[in-house]
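A look at the structure
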Amino acid sequence: MMNLEQVELMIKAKLPDAQVEVQDLTGGGDHLQAIVVSSEFEGKTLVKQHQMVYAAVQEPMATEAIHALALKTYTPEEWKAAGQTA
């Protein structure tokens with residue numbers, strides 16, 4: 001089981017400009033959802049964006065401290081277009 005703040009910090013270590021929100025979907029701490037907004041996603045496919053985030057949490061995923069991670073990734077422009085604010 002991972003602390004949500006630890007997951008956020010791991011993602012921010014790989015994507016320093018990222019805005020990250022991590023949620024526990026089941027209450028068990030191992031099925032998570034992350035919303036990640038980063039300018040580093042510019043020009044990258046959705047698959048590549050997700051690979052970048054998964055690379056940040058590779059170790060806890062390999063040990064199954066995180067069993068499942070649902071991702072929603074956005075560039076800052078996409079986030080703004082979706083009506084969200086920083």
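Let me sum up the structure you'll find in this document. Because the structure is a prediction, the values reported are computed rather than measured.

A look at the overall build of the chain
Counting its secondary structure elements, the chain contains 4 helices and 3 strands. In the chain, the order of α-helices and β-strands from amino to carboxyl end is α-β-β-α-α-β-α. Taken against the 2.2 N^0.38 rule, which gives 12 Å for 86 residues, the C-alpha radius of gyration of the chain at 12 Å falls within 12% of a compact globule. If one aligns the C-alpha atoms of the chain with their principal axes, the spans along those axes are about 35 × 20 × 20 Å. The buried share among the 86 residues of the chain stands at 35%. Sequence-distant contacts, at least 24 apart, represent 54% of the contacts inside the chain between residues at least 6 apart.

Notes on the pairing of strand 3 (residues 68-74)
Of the two faces of strand 3, only one is covered, namely that formed by Leu69, Leu71 and Thr73; the face formed by Ala68, Ala70, Lys72 and Tyr74 stays uncovered. Where strand 2 (residues 31-37) meets strand 3, 7 bridges bridge the pair, whose relative direction is parallel. If you follow valine 37 over to strand 3, its bridge partner there is tyrosine 74.

Some words on the pattern of salt bridges
All told, the structure shown has 1 salt bridge when counted by the stated rule. Among the salt bridges present, the one from glutamate 8 reaches lysine 12, with a minimum N-O distance of 3.0 Å. Taken together, the residues glutamate 8 and lysine 12, both in helix 1 (residues 4-14) and 4 residues apart, mark about one turn of the helix.

Some remarks on the packing of helix 1 against helix 2 (residues 46-56)
As a packed pair, helix 1 and helix 2 sit with axes 8 Å apart at the nearest point and diverge in direction by 120°. Classified by the angle their axes make, helix 1 and helix 2 are oblique. When the axes of helix 1 and helix 2 are compared, the crossing they make is right-handed. Judged by residue contacts, Met10, Ile11 and Lys14 of helix 1 engage Val53, Ala55 and Ala56 from helix 2. Classifying every residue of the contact of helix 1 with helix 2 gives 5 nonpolar, no polar and 1 charged.

Cut-offs and rules
- Residues numbered from 1 in each chain as written.
- Predicted model: local features only at pLDDT ≥ 70, side-chain atom pairs only at ≥ 80, totals over all residues.
- Heavy atoms only, no water.
- Helix = DSSP H or I, 4+ residues; strand = E, 2+ residues; numbered from the N terminus.
- Rg over C-alpha atoms; globule rule 2.2 N^0.38 Å.
- Buried < 20%, exposed > 50% of the residue type's maximum accessible area, 1.4 Å probe, protein only.
- Contact = heavy atoms within 4.5 Å.
- Pairing = 2+ DSSP bridges.
- Salt bridge = Lys/Arg side-chain N within 4 Å of Asp/Glu carboxyl O.
- Axes fitted to C-alpha atoms, helices over the stretch in contact; angles between N-to-C directions.
- Parallel < 35°, antiparallel > 145°, perpendicular 65-115°, else oblique.
- Left-handed = near helix turned anticlockwise from the far one by under 90°.
- Nonpolar A, V, L, I, M, F, W, Y, C, P; charged D, E, K, R; others polar.

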